[in-house]
Amino acid sequence: MRVLITGGAGFLGSHLCDRLLTDGHDVIAVDNLFTGGKRNVAHLLGRPDFEWIRHDVVNPLLVEVDWIFNLACPASPVHYQYNPVKTVKTSVLGTLNMLGLAKRVKARILQASTSEVYGDPAVHPQPETYWGNVNPIGPRSCYDEGKRVAETLMTDYHRQNGVDVRIARIFNTYGPRMATGDGRVVSNFIVQALDGRALTVYGDGSQTRCFCYVDDLIDGLVRLMSYDGDNAAEPVNLGSTGECSMNELVQTLGRVMGRSLAVEHRPLPENDPVRRRPDITRARERLGWQPRVALEEGLQQTVAYYQRPESRPDTTQRRSRRS
Ligand SMILES: NC(=O)c1ccc[n+]([C@@H]2O[C@H](COP(=O)([O-])OP(=O)(O)OC[C@H]3O[C@@H](n4cnc5c(N)ncnc54)[C@H](O)[C@@H]3O)[C@@H](O)[C@H]2O)c1
């Protein structure tokens, strides 16, 4: 396959490049480098089966491909709230442009959606049939509602134009190459612990998340893209079902690092969901997928990555407020 990955220089996108190249595909990575970095794909440059294009998905792009993975979008609150209008444009115009391309070149397209479409959920765990509880005018809305519209666009292009779409609702994923300093809890904790600082815990630390290791998540994305069975256009949750409180995460990380870690509490941010856990029955039944890497093992890999100094360049300089 010839595969286009938007957001290909980001955390998930760069791992997806690695995986698809290993599987023998030709990969084109597109990225505007807002949160991603060339360092994430530097090891791939020069390969005949890999191309890199600096491009912003709010503008149309024409390339001949068979598969499109649409991952371009800042994913952490610090980054998506930096320029909320641009975040909405990236999700809405970016997805429209990629769907237009998919329609034109008859490519299959997968949208990286998110557990944030469930908002602060009133149903636990969340099945794909749950419509969510999202604030349309809150500080997280640019991301949550942008992704919800992207799902609507995918579904309507499928119904109206027969475009072959897949929608992955991705839950918290962690691993090497996550941006640092963007407020995501795993990278935050690891970097703070490596620097010998106290770990910032919001609220009392009893709020839970489910952390999926990046290799598992990427495997889920590839399986979903390859799925040819019934109802393939329906959203599929991909994430870990092992619920872990922030306090438990601190303890597990302490075990991995071989010392107890100090903690500093701060107030919980507005609209921060207290609890979220995917129901992955659909992924299990349709894709034969479930996460395999245990939290402790994944944290070991991630800590080992961040221990290398070249893993932590400052990403804040390149930001632009242009929309
Ligand atoms: N990592 C997670 O836990 C998680 C959870 C749910 C959903 N997702 C989704 O997965 C996708 C990838 O997330 P990630 O964690 O790799 O984040 P990331 O920030 O590392 O990657 C996103 C990439 O998209 C690029 N980008 C942003 N706006 C762009 C634009 N307008 N044009 C071109 N490129 C643009 C960034 O530069 C970056 O390389 C995102 O769509 C995100 O919403 C991630």
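Keep in mind the model is a prediction, meaning the values are calculated, not measured.

Q: Tell me what's going on with the state of the cysteines, and back it up with residues and numbers.
A: Applying the stated criterion across every chain yields a total of zero disulfides. Here Cys 17 stays free of any disulfide, with the sulfur of Cys 73 as its closest cysteine sulfur at 17 Å. By relative accessible area, which is 0% here, Cys 17 ends up buried. A disulfide-free cysteine, Cys 212 has its sulfur positioned 9.7 Å from the sulfur of Cys 210, the nearest such atom. Judged by relative accessible area, which is 0%, Cys 212 ranks as buried.

Q: Lay out the site of the ligand with the relevant residues and their values.
A: Around the ligand, the structure places 31 residues, and the nearest of them are Leu 12, Asp 31, Thr 35, Tyr 143 and Lys 147. Contacts to the ligand include Gly 10, whose backbone N or O atom sits 3.1 Å from an oxygen atom. Residue Gly 36 places a main-chain N or O atom 3.0 Å away from an oxygen atom belonging to the ligand. Notes on the ligand: free accessible area 810 Å², of which the protein chains cover 97%. Secondary structure elements with two or more residues in the shell around the ligand: helix H1 (11-22), helix H3 (84-105), strand E5 (108-114) and helix H4 (141-161). The biggest single contributor to the shell around the ligand is E5, with three residues. A per-class count over the shell around the ligand returns 15 nonpolar, 11 polar and five charged.

Q: Hey, could you go over empty space enclosed by the protein for me, with residue numbers and the actual values?
A: Applying the stated criterion across every chain yields a total of two cavities of 30 Å³ or more. Roughly 40 Å³ of volume is contained in the second largest cavity. What lines the second largest cavity is Ser 115, Phe 171, Asn 172, Arg 209, Cys 210 and Arg 276. The residue makeup of the lining of the second largest cavity, split by class, is two nonpolar, two polar and two charged.

Q: I'd like to hear about the pattern of salt bridges, residue by residue, with values.
A: Under the defined criterion, the tally for this structure stands at 24 salt bridges. For Glu 128, the salt bridge is made with Arg 282, and the minimal N-O distance between the two is 4.0 Å. Residue Glu 128 is found in the loop between E5 and H4, and its partner Arg 282 is found in helix H8 (residues 281-287); the two are separated by 154 residues along the sequence. Each of the two residues, Glu 128 as well as Arg 282, counts as buried. Here Asp 228 and Arg 166 are joined by a salt bridge, their closest N and O atoms 3.9 Å apart. With a gap of 62 residues between them, Asp 228 in the loop between helix H6 (214-226) and strand E11 (235-238) and Arg 166 in strand E6 (residues 165-170) connect regions that are remote in the sequence. According to the relative accessible area criterion, Asp 228 is exposed, its value standing at 60%. When its relative accessible area of 2% is taken as the criterion, Arg 166 is described as buried. Each of Arg 19, Asp 23, Asp 219 and Arg 223 takes part in salt bridges that share partners, so that together they form one network.

Q: Before we move on, can you summarise the layout of surface pockets with the specific residues and values?
A: As a volume, the second largest pocket reaches approximately 340 Å³. What lines the second largest pocket is a set of 17 residues, and nearest its centre among them are Trp 131, Glu 151, Thr 155, Arg 169 and Pro 235. When residues of the lining of the second largest pocket are traced back to their parent elements, those giving at least two are H4 and E6. Sort the elements by how many residues they give to the lining of the second largest pocket and H4 lands first, with six residues. Split by residue class, the lining of the second largest pocket holds six nonpolar, three polar and eight charged.

What counts as what
Counting restarts for each chain, with residues numbered from 1 along the sequence as it is written. Local features in this predicted model are restricted to residues of pLDDT 70 or higher, and side-chain atom pairs are both shown and tallied only at a pLDDT of 80 or more, whereas totals for entire chains, interfaces and linings draw on every residue. Note: side-chain values were computed over all heavy atoms of the structure, leaving out hydrogens and water. Cysteine sulfurs are considered disulfide-paired once they come within 2.5 Å of each other. Type-normalised accessible area, obtained with a 1.4 Å probe on protein chains alone, sets the label of each residue: buried when under 20%, exposed when over 50%, and partly exposed for intermediate values. Only heavy atoms are used to decide nearness, and a residue is near a molecule or strand if one of them lies within 4 Å of it. Think of a polar contact as two N or O atoms within 3.5 Å of one another; within protein, one of them needs to be a possible hydrogen donor and the other a possible acceptor, and neighboring residues in sequence only count if both atoms come from side chains. Every accessible area reported is derived by Shrake-Rupley at a probe size of 1.4 Å, with residue values counting cover from the shown protein chains alone. Segments assigned H or I by DSSP are reported as helices when at least four residues long, segments assigned E as strands when at least two residues long, and all are numbered from the N terminus. By the convention adopted, Pro, Cys, Tyr, Trp, Phe, Met, Ile, Leu, Val and Ala count as nonpolar, Lys, Arg, Asp and Glu as charged, and the other residues, Gly among them, as polar. Of the two site types, the cavity is a set of points on a 1 Å grid over the protein atoms alone where a 1.4 Å probe fits but cannot get out, and the pocket is an open set with protein on both sides within 12 Å along at least five of seven lines, each lined by residues with an atom within 4 Å of a point. Grid points are joined across faces, edges and corners, and a volume is the space filled by probe spheres set on the points. Take a side-chain nitrogen of Lys or Arg and a carboxyl oxygen of Asp or Glu: if they are within 4 Å of each other, that pair is a salt bridge.

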